[in-house]
Amino acid sequence: GPSLRTLAESKGIYFGTAISQFDLGNATITGLASSQFGMLTPTNEMKWDTVESSPGNFNFGPGDRLVSFAQANSMKTRGHTLVWHSQLPSWVSNLPNSQVQGAMRNHITTTATHYKGKLYAWDVVNEMFNEDGSFRNDAFYRAMGSGFVADALRTARAADPSAKLYLNDYNTEGLNAKSDAMYNLAKSLKSQGVPLDGIGFQGHFILGQIPSSLKANLERFTALGLEVAITELDVRMPLPADGAKLAQQGRDFASVTNTCLAVKGCVGISQWAVGDPDSWVPGTFPGEGAATLYDNNYQPKPAYTATVNAL
Ligand code: XIL
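In this text the structure is predicted, and so the values were computed from the model without any measurement.

Undergrad: So, the site of the ligand: which residues are in play, and what are the values?
TA: Near the ligand the following residues occur: T43, N44, N126, Q202, E232 and W280. Here the residues of the shell around the ligand sort into 1 nonpolar, 4 polar and 1 charged.

See below:
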């Protein structure tokens with residue numbers, strides 16, 4: 001039947017995937033990525049620790065290889081990510097506060113200029129909030145306060161006016177304290193004319209726990225004139241998988257897909273991997289896994305069929 005990519009595009013959204021430079025050597029992964037997915041997010045290759053591991057020494061090779069793969073297969077690319085507390089080299093977190101803004105601006109300007117015109121979007125800032133909605137006390141916040149977000153967005157816009165600029169976070173999918181903080185920040189940035197185009201909701205879900213308020217939450221952001229996207233979807237389960245869990249996972253993927261289709265301004269969904277073998281879940285959540293649309297042999301799971309049927 002038609003691919004996920006084709007079905008999604010026929011409904012006016014994209015269905016994407018994340019792949020790493022190492023996946024480029026795996027013909028099974030590249031074959032599925034290019035045939036089934038219309039958007040590529042580099043898993044790690046555009047993060048600060050890869051791009052600028054020491055001050056002013058930029059390494060765009062790995063990211064470039066992924067952008068080339070995407071272009072060769074008529075896929076778009078989401079840039080991920082410019083400013084993030086994690087995978088941040090210690091030379092940045094050890095800078096005196098007075099030097100952090102300069103380092104941040106130089107990193108954004110150099111990176112976004114390098115990829116200018118080649119990206120659908122940038123996750124300009126990733127994961128800036130704690131679960132209670134307060135700002136994460138990272139190097140950027142310590143040096144600049146919450147104003148680092150506006151500064152990062154303005155710097156990115158100046159470097160690449162064609163990339164849509166996103167803020168991206170997790171556990172912001174439903175209505176809660178953390179998504180309230182994201183909403184209040186987005187509203188404030190928009191009212192000040194700060195360049196902000198979209199909000200990314202990572203979507204690292206637990207089996208059977210898609211928030212019932214997902215639609216209402218996405219809609220409050222689109223009401224601000226922003227687009228929204230599910231940027232890193234996976235649905236993890238306690239291992240081993242069984243028929244009942246896989247059926248529930250199918251309902252979960254269908255529910256996310258139906259919600260995006262129902263929200264005007266939800267532009268797409270990206271899964272965080274191609275299949276279970278290349279998913280981050282087992283390494284990060286011990287005892288859990290089977291979180292993607294493809295099984296350990298890259299065969300489509302019930303969630304694949306459910307997603308196709310939802311599209
Ligand atoms: C993960 C990658 O998948 C891993 O390979 C890496 O070791 C750590 O980062 N939220 C994000 C992603 O925004 O960048 C993370 O990716 C997963 C959680």
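Undergrad: Now, about the packing of helix α11 (residues 243–262) against helix α13 (residues 302–310): what can you tell me, with residues and values included?
TA: Each pair of packed helices gets described by two things: the angle between the helix axes and the distance between those axes. Relative to each other, α11 and α13 sit at 30°, their axes nearing to 8 Å. It follows from the interaxial angle that α11 and α13 lie roughly parallel. For the element pair α11 and α13, the recorded crossing hand is right-handed. For the pair α11 and α13, contact is made by L246, A247, Q249, G250, R251, F253, A254, T257 and N258 and by P302, A303, T305, A306, T307, N309 and A310, respectively. In the contact of α11 with α13, the residues fall into 8 nonpolar, 7 polar and 1 charged.

Undergrad: Explain the UniProt feature "active site" (unreviewed entry) in the chain to me, and be specific about the residues and the numbers.
TA: Mapped onto the present numbering, the UniProt feature "active site" (unreviewed entry) falls at E232. Here E232 shows up in strand β8 (residues 227–238). For E232, a count of 25 C-beta atoms within 10 Å gives the class buried. Setting aside residues up to four positions removed in sequence, E232 forms contacts with A18, Q202, G203, H204, S270 and W272.

Undergrad: Quick rundown of the pairing of β8? Include the residues and the values.
TA: Here β8 lies mainly inside the structure; 11 of its 12 residues are buried. Relative to β8, strand β6 (residues 198–201) is paired through 4 bridges, and the arrangement is parallel. Counted as the bridge partner of G200 is A229 from β8. One ladder, built from 3 bridges, connects strand β7 (residues 204–206) with β8; its direction is parallel. Looking at the pairing, H204 lines up with D234 of β8. Handedness of the crossover joining β7 and β8 through helix α10 (residues 214–222): right-handed. Here β8 runs beside strand β9 (residues 266–271); their pairing, made up of 4 bridges, is parallel. Counterpart to V228 in the pairing with β9 is C266. In terms of handedness, the path from β8 via α11 over to β9 forms a crossover that is right-handed.

Undergrad: Describe in detail the environment of N184, supporting the description with residues and values.
TA: Within the fold, N184 resides in helix α9 (residues 177–191). Through-space distance from the C-alpha of N184 to that of R5 is 33 Å; in sequence the pair is 179 residues apart.

Reading the values: the criteria
Residues numbered from 1 in each chain as written. Predicted model: local features only at pLDDT ≥ 70, side-chain atom pairs only at ≥ 80, totals over all residues. Near = placed C-beta within 6 Å. Nonpolar A, V, L, I, M, F, W, Y, C, P; charged D, E, K, R; others polar. Axes fitted to C-alpha atoms, helices over the stretch in contact; angles between N-to-C directions. Helix = DSSP H or I, 4+ residues; strand = E, 2+ residues; numbered from the N terminus. Parallel < 35°, antiparallel > 145°, perpendicular 65-115°, else oblique. Left-handed = near helix turned anticlockwise from the far one by under 90°. Contact = placed C-beta atoms within 7 Å. UniProt positions renumbered as here; feature names shortened; annotations may be inferred. Buried ≥ 20, exposed ≤ 12 C-beta atoms within 10 Å, placed from the backbone. Pairing = 2+ DSSP bridges. Right-handed = clockwise from strand over helix to strand, strands pointing away.

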